[in-house]
Amino acid sequence: MRKFLTLFLCVVLTAGQLMAQNKTVTGKVTDEKGNPVANATVVVKGTTSGTTTSNDGSFSLAVTSTAKVLLISSINFISQDVAIGNKSTLSITLAPTSSDLSEVVVVGYGVQSKKTSLQSIGVIKSEAFQNQPIISATQALQGQVAGVQMTNSSGVLGAASNVRVRGTASILGGGQPLYVVDGVPLNDGTLSAAQGGGAGLNPLIDINPNDIESISVLKDAGAVAIYGSRGTNGVIIIKTKKGKNGQKTRINVDAFSGQSNPTDLIDMMDADQYRQYVTDFRSIRGQAPITQPTGSFDWIDAVVRTGKTNSVSASAIGGTDKTKFYLGANYYKESSYTIGNDLNRLSGRINLDHEVSKNVRVGTNFNISNTRSDRIGVENNTNAVLTSSYLQLPYVQPYDASGNFVNTGFIQNVLGLEALNINDFLSRRTYGNIYTEIKLLKDFTFKTDWGIDLVQTEERGRTNSLFLPGGSGFRTVQQDQKWLTTNTLTYDKKFNKHSINAFVAQSFETSTYDAIQVAGSGFASDALPNVGSASTPTTTFASRSVWALTSYFGRASYSYNSKYNLEVTARSDGSSRFGPNNKYGNFWSVAGGWIISDEAFFQKVKFIDLLKLNASYGTSGNDRIGNFPYQAFYGGGTGADYNSAAGLIPTQVPNPDLQWEESKQWNVGLTLNMFKSRLNISVDVYNKRTVNNLVNVPLPFTTGFASQTRNIGEVENKGVDLSINTVNVQGKDFTWSTNLNIGFLKNTILSLPENRDPEGRNFLAGSAAQRAIVGESLNTFYVIRYSGINSQTGNAEWLNRDGATTNAPIANDRVVAGSAIPKFTGGFTNNFKYRNFDVSAFFNFSSGNKVLIDGLRFTENLNAAAGFNKSTNVANFWRKAGDVSFAPALNSSTALIFNQLSTLQVQDGSYLRLKTVSFGYNVPKSVLGKTNFIQGFRFYVLGQNLWILQNKDFRGPDAEVSANGGSNQIQGESFFALPQSKTVTVGVNITF
């Protein structure tokens, strides 16, 4: 009995102790305006014990006496640690995160509060492209920001993409935006002379996307005027990752591997189909039969392979109370789905910031990279593997009886070219800056910044004697070495309800370009790869040019009570690129804003978190015209010799009055955040008019010159940028958010030099199919209209200028047939998260534009003697009355002109593409174990370009095309361009 009473007493005492060790904590979670935050997560930090807040923001949670801290978190708010102590009732206020009011945005030469900023800026956070197999950060721009169009200019790995911010503003000058990484404007000139050069240097190919924290796209005049002469095409600012003071060092490793295949290919005839077509063609046209070669070879299958992508990135980030750092390294290797298209990149980055004293900070940001590519011919080249494989006759063999490669003539043996020739491209780049920041007085800060961008490219080519008797070789080295300095004095003052931020700055930037090339022919052996082994030198070339830019600029911002905001920007640029009569250009902007939701009369509207109205007007320039367009040039060489003696001849007409292109832009923007930032809408209406456009004006033949560069012409881009972000479901375990952006654009040529078309309108030809016409867009297709096949006669029919049917169209029948510029572009993203699982689907789209698939003029050439293989469409030719066919009767007078340039090749370029879909799983901490060694482990699978919706009659592998090296005057044209790759990637992300 005594033992039983003793045991009973122990149980009672133990229970009493346990009850004493537990208590209930209640509280309420609100935002900065006092509104309740529903569905916020409240957990005891370091445990899984927790709850969520109710609709009024309240919660109740039982905790043990060992519980010290509660972790409060909610979508769109900054997570917060709250000490429990002896309290049983807590009142917690959460600050908003990026979806709203406390976020800062990167602007030119600084940062601003997103809430009060007056600039039109699209921001892409690293989460939008994290863990994606992209070579360059420019790929992350596609479909992510309203008003930004990105298309691939070449299927060659690493080639620059065509990026247009609010349309194309220039006719002759460059159309790419200015890229700035951590304050350093990057070189983006063409540093590739051989095949595979694409649209010039890709300025972001050398940066690891995992090193990027955010990408900011500056669009309106209020944002770009601070870059003056280089702001017309927009500015893209890259901010790389940095550590935080007091941050524990964190190491992250990301690795992925993937495989790719082409999204689509043109269906071409096999050998039997081709032989049958030739037999039918000759028979129907009354020609004698011929003996055709036997055998077959699938050239497309031979050049297309399964592409492979592998990437490993490692980074370390952290900081002490004085120093913060970020270190990153990446190895990236990709082999495209076609032979001869490979890229390897090794890059590293170091970002350091150190507080020397209370008033002095120093820092550096540096990136170094080495990229090596095995290149193939670009699309408009019969040495391009896909081009050749389409056109090569399907019975032609690449090997002789002994298994050696053979020369196949004009349509060359691309298998042999890839195996025996050398076509290498190497790029070495170092860029970055160092800075010192000094707090002079209470409200004044001085900063001096010195930066460099050193880039060198090397091309090595060697042609085997099988394809050129004796063989040939070349080596080209080009380099662009830039350095710059910027000195800034900033004043920042807040008093009562007033806030003033202003800075003045001076900068100087200069770049030296050098190029050297040697080439030769006649090699004793194909085993000798170097051009120095050639017996006959054919090229010895060297070139140098220098440009410089000196600038004075500043910006002043004033805010009253954080509701009424005003900003003024001014910049003066002096450039060596312009004539002596116009060395300096002055640019400016003024912007104003009103935060309506902060007004007293608006406080009763609880469901609206932010309502902001902004407006801006200003100017910016474009200096992308080369280094010496205003000067008189003289050259020697062929054509300049006189009487067997070396001489010089004039090669360029001078123009001392040449000046900047100038864009004048107004923008009105409205921002609306509602329902605790669960619905965010941003809309901008703009008009950008570019005057003094640089144009090559034709000169009389008697002058001896074809043209002269002058400031003549106006281009207008106007449109609407719309962005909508929503949190559709926000629960304890499940969340669903959506992002949608659309950019509507209308591009119009307002004036051009005197050069009349049959309608009396001034125009400039861009290509055989495209021209700029006053009253139309810069990229207007001007071709004959194709009508179809007459089912009764079997004739192909076109329309003449008056719209009447004709079987014999002429050049004068060409009319406007659409534009290569889309009416609208954009993207649509859905993000789902359930506990530790996440799914994301991103679609991008383009609508209202035409594209020219010019290769169809070859694959749909009905002439059996043309020497090219045929598309399988050609086999569907007219045979009898009533037939509905693709091609005309083979004995029709229209058969041999069927493939002439017309709207038969100009097609609807609209599409909706599932660009990326991803699935991820974050391994719970409980699974990883109690050790603190591994802080996070995420597994993910990602697919790219898995599905597309486009016009059912579209013929061609891809509607997303923009060939010809990024020329403003030629967009949306393709000659056997490589289609997008369909990729599946598997990867892991581990944090230590």
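If you're wondering where the values come from, they're calculated on a predicted model, not measured in any experiment. (Residues numbered from 1 in each chain as written. Predicted model: local features only at pLDDT ≥ 70, side-chain atom pairs only at ≥ 80, totals over all residues. Heavy atoms only, no water.)

Asks: What is the right way to look at the overall build of the protein chain in this model?
Replies: The helix and strand tally for the protein chain stands at eight helices and 52 strands. Principal-axis analysis of the C-alpha atoms gives the protein chain an extent of 120 × 80 × 65 Å. Looking at the protein chain residue by residue over its 992 residues, the buried ones come to 52%. In the protein chain, the share of contacts with a sequence separation of at least 24, taken over all contacts with a separation of at least 6, comes to 69%. Distance between charge centres in the protein chain, computed from 88 positive and 73 negative side chains, equals 9 Å. (Helix = DSSP H or I, 4+ residues; strand = E, 2+ residues; numbered from the N terminus. Buried < 20%, exposed > 50% of the residue type's maximum accessible area, 1.4 Å probe, protein only. Contact = heavy atoms within 4.5 Å. Lys, Arg positive; Asp, Glu negative; His and termini not counted. Charge placed at Lys NZ, Arg CZ, Asp CG, Glu CD.)

Asks: What is the right way to look at the confidence of the model for the protein chain in this model?
Replies: The predicted structure's coordinates, where accompanied by low pLDDT, should not be read in detail. Taken over all residues, the pLDDT of the protein chain has a mean of 89, while the share at 70 or more is 94%. Counting contacts from residues 1-20, a segment whose pLDDT is below 50, to residues more than four positions away or on other chains yields zero contacts. (pLDDT = per-residue confidence, 0-100.)

Asks: Explain empty space enclosed by the protein to me, please; I cannot follow it from the model alone.
Replies: Any space left empty among the atoms is revealed by the rolling of a water-sized probe across them. All chains considered together, the criterion is met by nine cavities of 30 Å³ or more. As for the largest cavity, its lining consists of 45 residues, of which Gln-139, Asn-152, Leu-157, Gln-980 and Ser-981 are closest to the centre. Residue assignment for the lining of the largest cavity shows that the elements contributing at least two residues are β11 (148-152), β19 (323-335), β49 (911-922), β50 (936-950) and β52 (981-991). Grouping the amino acids of the lining of the largest cavity by side-chain chemistry returns 19 nonpolar, 23 polar and three charged. Taken as a whole, the second largest cavity spans an internal volume of roughly 300 Å³. Of all the secondary structure elements, the ones that give two or more residues to the lining of the second largest cavity are β11, β12 (161-165), β45 (824-834) and β46 (837-847). At four residues, the largest contribution of residues to the lining of the second largest cavity is made by β11. (1 Å grid on protein atoms, 1.4 Å probe; cavity = no way out; pocket = protein on both sides within 12 Å on 5 of 7 lines; lining within 4 Å. Points joined across faces, edges and corners; volume = space filled by probe spheres on them. Nonpolar A, V, L, I, M, F, W, Y, C, P; charged D, E, K, R; others polar.)

Asks: Whenever I open this one, the packing of aromatic side chains confuses me. Can you help?
Replies: In this description, an aromatic ring pair is defined by two values, namely the gap between the centres and the angle between the planes. Under the counting rule described, the total for this entry stands at 33 aromatic pairs. Between Phe-975 and Phe-976 the ring centres are 4.8 Å apart and the planes differ by 80 degrees, which places this aromatic pair in the edge-to-face class. Phe-976 shares its class with Phe-975; the two are buried. Three or more aromatic residues link up through ring pairs in this structure, and these residues are Tyr-390, Phe-858, Phe-868, Phe-975 and Phe-976. Sitting above the plane of the Phe-523 ring, Arg-462 keeps its charged end 3.7 Å from the centroid. A cation over an aromatic ring shows up here: Arg-571 above the ring of Phe-553, its NZ or CZ 4.5 Å from the ring centre. (Phe/Tyr/Trp six-rings, centres within 6.5 Å; stacked < 30°, edge-to-face > 60°. Lys NZ or Arg CZ within 6 Å of the ring centre and 35° of its normal.)

Asks: Looking at this model, I keep getting lost on the environment of Ser-192. Mind explaining?
Replies: Tracing the backbone through its elements, the reader meets Ser-192 in the loop between β14 (184-185) and β15 (212-218). Residues Ser-192 and Ser-902, spaced 710 residues apart in sequence, show a C-alpha to C-alpha distance of 33 Å.

Asks: Any chance you could explain the pattern of salt bridges here in plain terms?
Replies: Close approach of charged atoms lets side chains of opposite charge pair. Applying the stated criterion to the full structure yields 39 salt bridges. Note that Glu-509 and Arg-230 form a salt bridge whose closest N and O atoms lie 3.0 Å from each other. Here Glu-509 is found in strand β25 (residues 498-521), whereas its partner Arg-230 is found in the loop between α2 (221-224) and β16 (235-240), with 279 residues between them in sequence. Note on Glu-509: relative accessible area 4%, which makes it buried. Given a relative accessible area of 8%, Arg-230 falls into the buried group. In this structure, the salt-bridge partner of Asp-342 is Arg-305, at a minimum N-O distance of 2.8 Å. Of this pair, Asp-342 sits in strand β20 (residues 342-357) while Arg-305 sits in the loop between α4 (299-303) and β18 (307-319); the two residues are 37 residues apart in sequence, bridging distant segments of the chain. Given the relative accessible area of 26%, Arg-305 is considered partly exposed. Salt bridges linked by common partners bring Asp-757, Glu-759, Arg-761, Glu-776 and Arg-801 together as one network. (Salt bridge = Lys/Arg side-chain N within 4 Å of Asp/Glu carboxyl O.)

Asks: Honestly, the side chain of Arg-624 in this entry has me stumped. Any pointers?
Replies: Tracing the chain through its elements places Arg-624 in the loop between β29 (608-622) and β30 (633-635). Ignoring anything within four residues of it in the chain, the contact list for Arg-624 reads Gly-173, Gly-174, Gln-176, Pro-177, Leu-178, Asp-188 and Asn-233.

Asks: It is not clear to me how helix α3 (residues 271-284) should be interpreted in this structure. Could you clarify?
Replies: Think of an α-helix as turning once every 3.6 residues; residues three or four places apart then point the same way. Compared with an ideal rise of 1.5 Å per residue, which puts 14 residues at 20 Å, α3 spans 20 Å between its outermost C-alpha atoms and is within 8% of the ideal. Within the sequence span of α3, burial applies to Ala-271, Tyr-274, Arg-275, Tyr-277, Val-278 and Phe-281. For α3, the buried positions fall inside an angular range of 160 degrees around the axis, keeping them on one side. In α3, the exposed positions angled more than 90 degrees off the buried face are occupied by Asp-272 and Ser-283. For α3, the side-chain oxygen to backbone nitrogen distance between the N-cap and Asp-272 is 3.2 Å, and the N-cap itself is Asp-270. At the exit of α3 stands Gly-286, carrying a positive phi of roughly 75 degrees. (Expected span 1.5 Å × (residues − 1). Arc of directions from axis to C-beta. Polar contact = N/O pair within 3.5 Å; in protein donor to acceptor, adjacent residues only side chain to side chain.)

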